[in-house]
Amino acid sequence: MVFVQTMAELATRATNVKCLESAGVLDFLRPLLVDPCSTVRQCAVLAVARLAEHDEGVARQQLNGGMLTVALENLNKFNVKENAAWALGYIAKHSQYLAGLVVDAGALPLLVLAFQEPEISLKQIAAGALIDLAQFNPEAVVDAGAICHLVRGLENQDPKLKRSTLCALGAVASARPELAEAVVAGGALPPALLHAGHDNAPVRRAAACLLRDIVKHSVDAVVTLVDILHNEDSEDAELCAAAWTLGHIAKHSPQHSLAVAVANALPRLLQVYTNPKSSAEVKARASCALKQSLQCCLHRPALETLLHAAPTCILKYVLAQYSKILPNDARARRLFVTTGALRRVQEIDTVPGTSLKEYINIINSCFPEEIVRYYSPGYSDTLLDRVEAYTPQIPELFTDRVPSDCQSELTIENGK
C-alpha cells in the first residue's frame, strides 16, 4: 500500500517520470493493477495514469504491457472507474496513433456509460477523456452516441461538469462542418446560448468557445441568432450570447460581416444597445458585437442605416469603414451625397485630434470642396447673407437705341 501511494505521489511531478521509468516502476505497478485490494488497485491505476499524462513514451510502454486492457476492465467492472477513465484520457491525448488504439480497444462506449453514472467526479473525468479522444478522433465520439448524453449532462448544476461537458462538445464541433452539424442536431445550441450568460466565468468561456466552434464553419447560424435578438421573450443570457456570437462571426472577414449585415443584425444590435430597458451586460455585449461587426463591414446600406441612428461611440466605427470605401468607389461617393449621408457627416459635432474627426476629414477629402461647403450646416444662411449683401450689376439700358431683334420686327410692321 505504501509503495503504490508513494508512486502515485511521485508521478504527479513530470520531473520524476524519467527516473521512475528507468527504475522499472512500470514492471512493479503492472501486477498491482489487478490486486484484490481495491485501494491498492486504485492507487496503482492512478500512478500509471499520471505517468502516462507526462510522457508519451511511457504511455506507449503501458499500452505494450497490456495497460489498455487493464484500464478497460477496471472501467467496466471495478470501483476504480475514475482512475481508469483518467488513464485512458491521458494515454489518448498524446497522438492520433494512441487515440486510435484507445478507440479501437472499445473504450468510447465505456466512457459514455461512465458519463451517465450518478457520481459527479466520474462524469467529469469521463468528459475529460472524451475531450482527449475528440481532439484526434471526433467522428468516433459522435458514432459512440456521446453527443446526446453530453447535452443532457448540461442540465447538471455542477459548474466544473458543465465546463468539461461544453469543452467536449466543442472539441467535436471544431473538427469539421458536418460534426458541428451533428452537435447542433444533438440539441447543443440552445443550452450553449444559455450557458454563455452563466454566473461562472469558466462556464461562460466554455459555452462561448462552443458557439465559436459551431459557427466558425458556416454563417448559416446567423438567422437564428438574429431571431433571438428580435424575440421579445429572450432572456438576457440569450441576448448576450446571441450578440457575442454574431460579433465573433462577423469579425472573421468581410464575407462573414456581410452575412451578418444582410441578415439585418446591425440595426437590431443597435436597438438592443440603445434600449433603456436593456441591462448593462446586454448593452455591453451588443456594443462589442457592433464594433466587431463594423470593423470588417463594407456593406454600404448597413453602414448608412447606422450613420443616421448610431451614437458617437458607435459612429466612429461606421465612419472608419466609409473612409475605406469612398476613396476608391466613385458610385459610392455619388450615393453618399444623394442619400444625405454627406450632409449627416457635416452635422456631427467633433473635437479636433480625435479619431472621429480624422475619419470625417478623410471622407470630406473625397469630395470637391464646394460640395462639402454646400452640405455644411449654415451654408444656406451664408448664401442668403451673400444675396442681401450683393450689389446688382445691371446692364446698360437701351434708351437711345433699339435692339436688333426689335428693329426687324418694326421693319415688318412698317412694311404692312
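Cut-offs applied
Residues numbered from 1 in each chain as written. Predicted model: local features only at pLDDT ≥ 70, side-chain atom pairs only at ≥ 80, totals over all residues. Heavy atoms only, no water. Helix = DSSP H or I, 4+ residues; strand = E, 2+ residues; numbered from the N terminus. Rg over C-alpha atoms; globule rule 2.2 N^0.38 Å. Buried < 20%, exposed > 50% of the residue type's maximum accessible area, 1.4 Å probe, protein only. Contact = heavy atoms within 4.5 Å. Areas by Shrake-Rupley, 256 points an atom, 1.4 Å probe, with all protein chains shown as cover. Lys, Arg positive; Asp, Glu negative; His and termini not counted. Charge placed at Lys NZ, Arg CZ, Asp CG, Glu CD. Axes fitted to C-alpha atoms, helices over the stretch in contact; angles between N-to-C directions. Parallel < 35°, antiparallel > 145°, perpendicular 65-115°, else oblique. Left-handed = near helix turned anticlockwise from the far one by under 90°. Nonpolar A, V, L, I, M, F, W, Y, C, P; charged D, E, K, R; others polar. Phe/Tyr/Trp six-rings, centres within 6.5 Å; stacked < 30°, edge-to-face > 60°. Polar contact = N/O pair within 3.5 Å; in protein donor to acceptor, adjacent residues only side chain to side chain. Core = buried A, V, L, I, M, F, W, Y, C linked by side-chain atoms within 4.5 Å.

Taking an unreviewed UniProt entry as the reference, the chain is identified by name as Sperm-associated antigen 6 isoform X2 belonging to Bicyclus anynana.

J.: Whenever I open this one, the overall build of the chain confuses me. Can you help?
T.: Scanning the chain from N- to C-terminus turns up 29 helices and zero strands. Relative to the globule expectation of 22 Å for 416 residues, the C-alpha radius of gyration of the chain, 35 Å, shows a markedly less compact shape. With the principal axes as the frame, the chain shows a C-alpha extent of 140 × 45 × 40 Å. The proportion of buried residues among the 416 residues of the chain is 46%. Expressed as a percentage of contacts within the chain between residues at least 6 apart in sequence, the contacts between residues at least 24 apart total 66%. Element-wise, carbon and sulfur atoms account for 52% of the exposed surface of the chain, whose accessible area totals about 21,100 Å². Distance between charge centres in the chain, computed from 38 positive and 44 negative side chains, equals 4 Å.

J.: Would you mind showing me how to read the packing of helix 1 (residues 2-10) against helix 4 (residues 38-54) here?
T.: The description of two packed helices rests on the angle between their axes and on the distance between the axes. At a minimum axis distance of 8 Å, the contact between helix 1 and helix 4 shows a crossing angle of 25 degrees. As far as their axial angle goes, helix 4 and helix 1 are roughly parallel. Classified by chirality, the crossing of helix 4 by helix 1 is left-handed. Between helix 1 and helix 4, the residues in contact are Val4, Gln5, Met7, Ala8 and Glu9 and Val40, Cys43, Ala44, Leu46, Ala47 and Arg50, respectively. Broken down by class, the residue content of the contact of helix 1 with helix 4 amounts to eight nonpolar, one polar and two charged.

J.: Hey, could you run me through the packing of aromatic side chains in this one?
T.: Two measures describe an aromatic ring pair: the distance that separates the ring centres and the angle between the ring planes. Per the stated rule, a full pass over the model turns up three aromatic pairs. Considering the side-chain rings of Tyr374 and Tyr375, the 5.0 Å spacing of their centres and the 90 degrees angle between planes classify their relative orientation as edge-to-face. By relative accessible area, which is 46% here, Tyr374 ends up partly exposed. Accessibility expressed as a relative area gives 18% for Tyr375, which makes it buried. The structure contains a cluster of three or more aromatic residues connected by ring pairs, namely Tyr322, Phe336 and Phe367.

J.: Honestly, helix 9 (residues 107-115) in this entry has me stumped. Any pointers?
T.: Residues spaced three or four apart along an α-helix point in a common direction, a consequence of the helix completing one turn every 3.6 residues. Across the nine residues that make up helix 9, a large majority, seven, are buried. Taken together, the buried positions of helix 9 are occupied by Ala107, Leu108, Leu110, Leu111, Val112, Ala114 and Phe115.

J.: What is the right way to look at the environment of His248 in this model?
T.: You can see His248 is positioned in helix 18 (residues 236-250). What makes His248 buried here is its relative accessible area of 17%. Separated by 30 residues in the primary sequence, His248 and Ser218 have C-alpha atoms spaced 12 Å apart. Of the polar contacts made by the side chain of His248, one reaches the side chain of Lys251; its length is 3.2 Å.

J.: Sorry if this is basic, but what is going on with the environment of Phe28 here?
T.: Following the sequence through the fold, Phe28 ends up in helix 3 (residues 25-29). A relative accessible area of 52% means that Phe28 is categorised as exposed. For the pair Phe28 and Pro254, spaced 226 residues apart in sequence, the C-alpha to C-alpha distance is 60 Å. Setting aside residues up to four positions removed in sequence, Phe28 forms contacts with Phe3 and Ala23.

J.: Help me understand the nonpolar core in this model?
T.: When a protein is soluble and globular, its nonpolar side chains tend to lie buried together. Within the largest apolar cluster, 116 residues are counted, with the highest numbers of intra-cluster contacts made by Leu266 and Phe336. Contact partners of Phe336, with chain neighbours within four places excluded, come to Leu307, Tyr322, Leu326, Ala341, Leu342, Val345, Ile363 and Phe367. Val17, Leu20, Ala44 and Val45 belong to the second largest nonpolar core, which has 21 residues in total.

J.: Looking at this model, I keep getting lost on unusual backbone geometry. Mind explaining?
T.: Glycine aside, residues mostly have negative phi angles, and peptide bonds mostly take the trans form. In the Ramachandran plot, Asn264 falls in the positive-phi region, its phi being about 65 degrees despite a non-glycine side chain. Counting through the fold element by element, Asn264 comes out in the loop between helix 19 (254-262) and helix 20 (265-274).

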